Amino acid sequence: MQNLARTAFLMAILMLISKCIGFVREMVFAGFFGTSYVTDSYVMATAIPTILFGGVLGAVATAYMPIYSEIAEEKGEADANHFTSQIINILLIISIISSILGIIFSDQIVRLLASGFHGDTAELTSFYVKITLSYVIFSSITTILEANLQYKGVFLPQVITGYLLSGATIIVIIFSAYTNHYYLAFGLLLGHMARFFIILIISKHKGFKYSKSMELGNTAKRIIALSLPVFIGSSFSQINTFVDKTLASGLKEGSVAALNYGMLLVNMIFALTIGILTTIIYPRLSQSSAQGDYKRFGEIVSTGVELITIASIPCSLGAILYSRQIIQIVYERGAFDQTATSMTSSAFLYYSIGLLFMALADIFIRAYYALHDMKTPILCASISVIINVILNLIFVRYMAHNGLALATSIAAACSTTALYIGLRIKYKKITIIRSKTKIIKIITAAFISVGCSWLAYQWIIIPLINIRLIQLCLAVLTAALVYYRILRLMKVEEVKLIWQILKR
């Protein structure tokens, strides 16, 4: 557990740097283009590759881990490398063909996935799509190589290479602002190319040897069989995204951008806390499952649940209370005016409500996949889609884009509950929550600490200090100190571990 927490903490530092660079990128973009039709086109064009291919790549990478674990444990690294090469070759062919077709039919794709876009917005989106679909060729291979490195305990280089992607994008955004906005999407293409070549070099250094074999062996057939249900499950998530963006495209200008900016902030919180933990935990779960060590499997899951709860609840509460202040600090400058702030902060608030459920769902799904149970997450995801679509259609009439964000959070809560119940029923020998009392203590401490922070912010910090950034930092520091002291008083031992890592 100590090694896990230490790695997570170091990754959090590097991810924080990466996210800071990423937010500089978003602030630069918002400053130059605001919530205009250019932003809507860019956001939709960057989402389309994820909608079309993200599910496939994510499914293959997810199914890859437990099978690679079995092969490496039973047959050795040479066979595991051969298996990895087979998967890469298959993905390479599929991604090249799919990208070419996507580029040819970009107009039709935009009409299907962004039916509310017309005129210049639709035309610009179609042009961007031709470019964004091109980087799928590189990202498909990078996805497998990163999973391979994660199994070997290598996590940090993948985070650092993200700096290149953001850096290339910032340069192209500035260049486009002073020349022509049609160049915008090329920054993503250049960034993904650079990321691929660096990850490939690191993978070879860590023992990966590529082979050109196109033979579809039993193991490759097996990963396809496992990937299919994972893809179906992840497709449900993409359906949610598609429905949200499609409905938002029919609302007033800037609605798609507001949802995107709000979700970017939620994703930052997720990546710095929960995403890091689940990334580290998943290979360990796969190894424990392959070895049949279900006691250790349960310990890993329960530890993950406790750490995620500690991290996500105060983040969620803080994001809800300080949503407007956060958006003002991060985005409000240049073309991003008070109207854009109002739209984005409300979307961010409603997305933040579901942060804990999104976090728990992530680790529960990883547990199912490590156990080679791909069907239960599909069932739970289908429940989420149905609830999300129904609530979207209801809420959008009364709350506009805010209703779409709230529906996403409620659907996440329903899906997470179903995943938890499924684990309890199907895998009784696996411990999911070691101490419900500890979870209650964490929730109580989070509410008290964030409440104290808000009182200090209103009565002490605002009257004394006039600078928004310093005000918010002091509020966060207040919450962190109160949270730490309460958890220590309640004898939540994970806090001691975090303190030991900080001292080191």
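Residues numbered from 1 in each chain as written. Predicted model: local features only at pLDDT ≥ 70, side-chain atom pairs only at ≥ 80, totals over all residues. Heavy atoms only, no water.

**Concerning the packing of helix 11 (residues 294–321) against helix 17 (residues 436–464)**
Applied cut-off: Fitting a line to C-alpha atoms yields each axis, with helices limited to the stretch in contact; the angle taken between N-to-C directions then spans 0 to 180 degrees. For helices the rule is a DSSP run of H or I covering at least 4 residues; for strands it is a run of E covering at least 2, with both sets numbered from the N terminus onward. To sort the angles, those under 35 degrees are grouped as roughly parallel, those over 145 as roughly antiparallel, those from 65 to 115 as roughly perpendicular, and the leftovers as oblique. The sense of a crossing depends on the near helix, which, turned anticlockwise from the far helix by less than a right angle, makes the crossing left-handed and, turned clockwise, makes it right-handed. Contacts were defined at the residue level, with two residues in contact if any of their heavy atoms lie within 4.5 Å. In the scheme used here, Gly and all other residues not listed as nonpolar or charged are polar, with Ala, Val, Leu, Ile, Met, Phe, Trp, Tyr, Cys and Pro taken as nonpolar and Asp, Glu, Lys and Arg as charged.
Contact pair helix 11 / helix 17: the axes reach a minimum separation of 9 Å and the direction vectors enclose 25 degrees. In terms of orientation, helix 11 and helix 17 fall into the roughly parallel class. Here helix 11 runs over helix 17; the crossing is right-handed. Note on element contacts: helix 17 touches helix 11 through Lys438, Ile439, Ile442, Ile443, Ala446, Phe447, Val450 and Trp454, opposite Val305, Glu306, Thr309, Ile310, Ile313, Pro314, Leu317, Gly318 and Leu321. Of the residues that constitute the contact of helix 11 with helix 17, the class distribution is 13 nonpolar, two polar and two charged.

**What about the confidence of the model for the chain?**
Fine structural detail should not be taken from predicted coordinates in areas where pLDDT scores are low. Filter applied, for reference: Each residue carries a pLDDT value, the predictor's own confidence for that position, ranging from 0 to 100.
Of the residues in the chain, 90% have a pLDDT of 70 or more, and the chain-wide mean is 81. The spread of mean pLDDT over the elements of the chain runs between helix 19 (residues 494–503), the lowest at 60, and helix 16 (residues 401–426), the highest at 90.

**A closer look at helix 13 (residues 338–352)**
Condition: Under the convention used throughout, the expected extent of a helix is 1.5 Å for every residue step, that is, one less than its residue count. Remark: exposure states derive from per-residue accessible area (1.4 Å probe, protein chains only) relative to the maximum for the residue type, with buried under 20%, exposed over 50%, and partly exposed in between. Counted as a polar contact is a pair of N or O atoms within 3.5 Å, where, for protein atoms, one must be capable of donating a hydrogen and the other of accepting one, and residues adjacent in sequence contribute only when both atoms are in side chains.
For helix 13, which comprises 15 residues, the first-to-last C-alpha distance of 21 Å matches the rise-based estimate of 21 Å (1.5 Å per residue) to within 8%. Among the residues of helix 13, Ala340, Thr341, Met343, Thr344, Ser345, Ser346, Ala347, Phe348, Tyr351 and Ser352 are the ones counted as buried. The residue sitting at the N-terminus of helix 13 and contributing the capping side-chain oxygen is Asp337; that oxygen lies 3.3 Å from the backbone nitrogen of Thr339.

**Quick word on a nonpolar patch on the surface**
For clarity, the cut-off: Each patch is built from salt-bridge-free residues with over 30% relative accessible area, joining like charges within 9 Å and nonpolar side chains (Val, Leu, Ile, Met, Phe, Trp, Tyr) within 5 Å. Here the open area of atoms and residues is found with the Shrake-Rupley method and a 1.4 Å probe, where only the protein chains shown may cover a residue. A pairing counts as a salt bridge when a side-chain nitrogen of Lys or Arg comes within 4 Å of a carboxyl oxygen of Asp or Glu.
Side chains of Ile93, Ile96, Ile97, Ile100, Leu101, Ile104 and Phe105 sit close together on the surface and give an oily, nonpolar patch of about 640 Å² of accessible area. You can see Leu101 is positioned in helix 3 (residues 77–104). Judged by its relative accessible area of 45%, Leu101 falls in the partly exposed class.

**Observations regarding the state of the cysteines**
Filter applied, for reference: Criterion for a disulfide: a pair of cysteine sulfur atoms within 2.5 Å.
In the structure shown here, the tally under the stated rule is zero disulfides. Free of any disulfide, Cys315 has its nearest neighbouring cysteine sulfur in Cys473, separated by 14 Å. Given the relative accessible area of 27%, Cys315 is considered partly exposed. Owing to a relative accessible area of 46%, Cys473 belongs among the partly exposed residues under this scheme.

**Quick look at the packing of helix 4 (residues 106–113) against helix 5 (residues 119–132)**
Contact pair helix 4 / helix 5: the axes reach a minimum separation of 9 Å and the direction vectors enclose 120 degrees. One finds that helix 4 runs oblique with respect to helix 5. As helix 4 runs across helix 5, the sense of the crossing is right-handed. Between helix 4 and helix 5, the residues in contact are Ser106, Asp107 and Val110 and Ala122, Thr125, Ser126, Val129 and Lys130, respectively.

**Digging into the packing of aromatic side chains**
Our working definition: When two rings of Phe, Tyr or Trp (its six-membered ring) have centres within 6.5 Å they constitute a pair, described as stacked for plane angles under 30 degrees, edge-to-face for angles over 60, and tilted for the intermediate range. We call a charge positioned over a ring when the NZ of a Lys or the CZ of an Arg lies within 6 Å of the ring centre and within 35 degrees of the ring normal.
In the structure shown here, the tally under the stated rule is 14 aromatic pairs. Ring geometry for Tyr261 against Tyr331: centres 4.8 Å apart, planes inclined by 45 degrees, an arrangement best described as tilted. On the criterion of sequence distance, the pair formed by Tyr261 in helix 10 (residues 255–291) and Tyr331 in the loop between helix 12 (323–330) and helix 13 is long-range, its members being 70 residues apart. Ring geometry for Tyr261 versus Phe336: centroids 5.5 Å apart, planes at 70 degrees, classification edge-to-face. Taken as a pair, Tyr261 in helix 10 and Phe336 in the loop between helix 12 and helix 13 lie far apart in primary sequence, 75 residues in all. Every member of this aromatic cluster is reached through a ring pair, and the members are Phe29, Tyr42, Phe127, Tyr128 and Tyr182. Over the face of the ring belonging to Tyr294 we find Lys429, whose NZ or CZ atom lies 4.1 Å from the ring centre.

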